[in-house]
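Survey of secondary and tertiary structure
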Amino acid sequence: MPGENRGEALVRRFHVETFMDFLALERGLRPRTLGAYRSDIGRFVDYLDQRGIRDLGETGAEVLHDYTVHLRNEGLATATIRRAHSALRAYFGFLVTEGIVEEDPTGRMDRPAADRRLPEFLSQAEASLLVEAVDPDSSAYWRDRAVLELLYATGMRVSELTGLSLGDLDAEDGSCLVFGKGGRERLVPVGTPALEVVGRYLATVRPRLDRGRGEGAIFLNQRGTRLSRMSVWTIVSRAAGRAGIDRRISPHTLRHSCATHLLEGGADLAAVQELLGHADISTTQVYTHLDREYLRATHRRFHPRSGV
């Protein structure tokens with residue numbers, strides 16, 4: 001069309017905007033997820049254009065294979081390529097349903113195996129040190145302590161923690177309603193120590209921070225608005241430094257630590273899956289390898305005939 005730039009032409013020719021409308025309106029995906037889909041499909045149609053492909057009907061299994069090789073050559077991580085494949089499956093499924101293409105070429109697309117690196121986690125002693133290592137002179141002491149206690153007690157993601165509202169916490173029941181990935185919600189138990197610290201924060205610090213702009217959020221920043229994920233990262237990082245933990249620690253480290261310590265204590269794998277909000281139990285199963293790795297490392301370090 002006259003006046004269109006290259007990007008707009010690609011979006012129109014490959015029905016990208018129609019697909020995005022479908023994801024937003026019919027599947028109800030959140031803005032961040034929509035952004036990831038737009039990025040993945042945008043990269044793909046740009047690749048098609050560079051190859052001179054003007055019609056989606058020309059996109060067969062060979063083109064998808066070459067595209068995967070292209071992504072690897074670009075240095076993208078396996079997880080990113082797997083996400084790109086998921087986006088393409090959704091995209092072509094939509095195109096077939098709408099009658100835009102006759103066949104879905106993604107059925108023969110080999111999905112790269114996921115990296116199965118063991119997650120970083122804290123020992124139980126380190127976790128205890130960390131959650132108690134907030135600067136006692138800080139005016140936000142009870143808030144920061146509550147953030148750490150709740151992350152470790154529940155294993156929730158940082159985005160889930162920052163998304164908590166006052167009505168989500170049931171102190172009497174000792175539980176918290178958490179909204180996870182894909183809009184799924186789950187009820188998570190909260191231990192007494194965490195409940196007590198959160199209660200102190202709500203009673204003493206939050207009223208001082210609240211300026212009517214917090215939209216009912218549990219955790220507020222100094223401006224009275226919802227605490228950001230980056231602020232939570234800063235709280236965790238500072239506490240790790242005060243605790244003398246000299247490796248990189250993130251909010252996700254506390255999530256991994258929560259899962260690991262539950263399993264070490266004899267928790268059922270399915271229960272941990274439910275607690276963490278994993279859609280697939282295979283995601284939770286990675287934690288079952290932790291004890292074996294720890295035993296191997298301990299044997300290598302201390303046994304006189306370990307071969308080290």
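One structure accompanies this document, and this report is about it. (Residues numbered from 1 in each chain as written. Predicted model: local features only at pLDDT ≥ 70, side-chain atom pairs only at ≥ 80, totals over all residues. Heavy atoms only, no water.)

One pass over the structure, following the stated rule, counts twelve aromatic pairs. The interplanar angle of 75 degrees and the centroid separation of 6.1 Å between the aromatic rings of Phe44 and Phe92 together place this pair among those described as edge-to-face. Of this pair, Phe44 sits in helix H3 (residues 31-50) while Phe92 sits in helix H5 (residues 78-97), and the two are 48 residues apart along the sequence. Taken as a pair, Phe44 and Phe92 share a single burial class, namely buried. Centroid distance Tyr141 to Trp142: 4.9 Å. Interplanar angle 85 degrees. Geometry classified as edge-to-face. (Phe/Tyr/Trp six-rings, centres within 6.5 Å; stacked < 30°, edge-to-face > 60°. Helix = DSSP H or I, 4+ residues; strand = E, 2+ residues; numbered from the N terminus. Buried < 20%, exposed > 50% of the residue type's maximum accessible area, 1.4 Å probe, protein only.)

Structurally, Arg145 is set in helix H7 (residues 141-154). You can call Arg145 buried: its relative accessible area is 13%. If near-sequence neighbours (up to four positions away) are discounted, Arg145 is found in contact with Val131, Glu132, Val134 and Val197. (Contact = heavy atoms within 4.5 Å.)

This part takes up the nonpolar core. Leu150 and Phe219 are the most contacted members of the largest nonpolar core, which totals 44 residues. A total of six residues in this core trace back to one element, the largest contributor, which is H7. Leave out the neighbours within four places in its chain, and Phe219 touches Arg143, Ala146, Val147, Leu150, Leu161, Tyr201, Thr225, Arg226 and Leu227. Ranked by size, the runner-up nonpolar core spans 30 residues in total, among them Met20, Leu34, Ala84 and Ala87. (Core = buried A, V, L, I, M, F, W, Y, C linked by side-chain atoms within 4.5 Å.)

Tallied over the entire structure, the rule returns 13 salt bridges. In this structure, Arg13 and Asp49 form a salt bridge, with 3.6 Å as the shortest nitrogen-oxygen distance. Of this pair, Arg13 sits in helix H1 (residues 6-13) while Asp49 sits in helix H3, and the two are 36 residues apart along the sequence. By relative accessible area, Arg13 is classed as partly exposed at 30%. Accessibility expressed as a relative area gives 13% for Asp49, which makes it buried. Here Glu17 and Arg38 are joined by a salt bridge, their closest N and O atoms 3.2 Å apart. Placement of the pair is Glu17 in helix H2 (residues 16-25) and Arg38 in helix H3, with a sequence separation of 21 residues. What emerges from the salt-bridge pattern is a single network uniting Arg13, Asp49 and Arg54. (Salt bridge = Lys/Arg side-chain N within 4 Å of Asp/Glu carboxyl O.)

This part takes up unusual backbone geometry. Positioned with a positive phi, His15 is a non-glycine residue whose angle comes to about 60 degrees. Positionally, His15 belongs in the loop between H1 and H2. Given the relative accessible area of 26%, His15 is considered partly exposed.

Where helix H6 (residues 124-131) contacts H7, the two axes come as close as 9 Å, and the packing angle between them is 155 degrees. Relative to H7, H6 is oriented roughly antiparallel. Contacts between H6 and H7 involve Ala127, Leu130 and Val131 from the first element and Arg145, Leu148, Glu149 and Tyr152 from the second. For the contact of H6 with H7, the per-class residue count stands at five nonpolar, no polar and two charged. (Axes fitted to C-alpha atoms, helices over the stretch in contact; angles between N-to-C directions. Parallel < 35°, antiparallel > 145°, perpendicular 65-115°, else oblique. Nonpolar A, V, L, I, M, F, W, Y, C, P; charged D, E, K, R; others polar.)

So, on to the sheet that holds strand E2 (residues 175-179). Pairing within the open sheet is antiparallel, and its three strands lie in the order E1-E2-E3. Looking at the sheet topology across the chains shown, the edges are occupied by strand E1 (169-170) and strand E3 (185-189). Pairing of E2 with E3, which is carried by five bridges, proceeds in the antiparallel orientation. Pairing of Leu177 across the sheet is with Leu187, part of E3. (Pairing = 2+ DSSP bridges.)

Attention shifts here to H6. Those residues of H6 that sit buried are Ala127, Leu130 and Val131. For H6, the buried positions fall inside an angular range of 90 degrees around the axis, keeping them on one side. (Arc of directions from axis to C-beta.)

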